[in-house]
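Structural overview for review
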Amino acid sequence: MHVAVEANAGIGGCSILFLAENGLLTTDVAEQARAGHVLLVGDSDGFAAAGGMVQFSLRDNKLKLVVNLAPVKSAHLTLSSKLLRMAELIE
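Residues numbered from 1 in each chain as written. Predicted model: local features only at pLDDT ≥ 70, side-chain atom pairs only at ≥ 80, totals over all residues. Heavy atoms only, no water.

Regarding the side chain of asparagine 68
Relative to the assigned elements, asparagine 68 resides in strand E4 (residues 62–68). Residue asparagine 68 is classed as buried on the basis of its relative accessible area, which comes to 7%. In terms of polar contacts, asparagine 68 uses its side chain to reach the backbone carbonyl oxygen of alanine 48, at 2.7 Å. Those residues within four positions of asparagine 68 in sequence are excluded, and the remaining contacts are Ala48, Gly51, Gly52, Met53 and Ile90. (Helix = DSSP H or I, 4+ residues; strand = E, 2+ residues; numbered from the N terminus. Buried < 20%, exposed > 50% of the residue type's maximum accessible area, 1.4 Å probe, protein only. Polar contact = N/O pair within 3.5 Å; in protein donor to acceptor, adjacent residues only side chain to side chain. Contact = heavy atoms within 4.5 Å.)

A few points about the pattern of salt bridges
Applying the stated criterion across every chain, the model contains two salt bridges. For arginine 34, the salt bridge is made with glutamate 31, and the minimal N-O distance between the two is 2.7 Å. With arginine 34 and glutamate 31 both in helix H1 (residues 27–36) and three residues apart, the pair spans about one turn of that helix. Notably, a salt bridge pairs glutamate 88 with arginine 59, separated by 2.7 Å at the nearest N-O pair. Placement of the pair is glutamate 88 in strand E5 (residues 88–90) and arginine 59 in strand E3 (residues 54–59), with a sequence separation of 29 residues. (Salt bridge = Lys/Arg side-chain N within 4 Å of Asp/Glu carboxyl O.)

Description of the environment of leucine 40
By the secondary structure assignment, leucine 40 is in strand E2 (residues 39–42). Separated by 21 residues in sequence, leucine 40 and leucine 19 have C-alpha atoms that sit 7.2 Å apart. In contact with leucine 40, other than residues within four places in its own chain, are Leu17, Leu19, Leu25, Val29, Ala30, Ala33, Phe47, Gly52, Met53 and Val54.

As structure tokens, this is what we get:
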């Protein structure tokens, strides 16, 4: 299911926000996520490198996680050590 969000809509009240396209990861969305302690998740190539927090990636027919620690820490979020051990980390 795909849910469209208006460009001006705030993300307050969300705990996790899945962005289906890298283009949806704007500076405003990233700032709102940081301020609101919202985990930004996506599956587009380069999502984590572009400032997303957790990226799902398919490599060799296996699901891989890429975690960008800087925005996670900036949003004052804590990820499970088990999740971090399984992930490729970007710092």
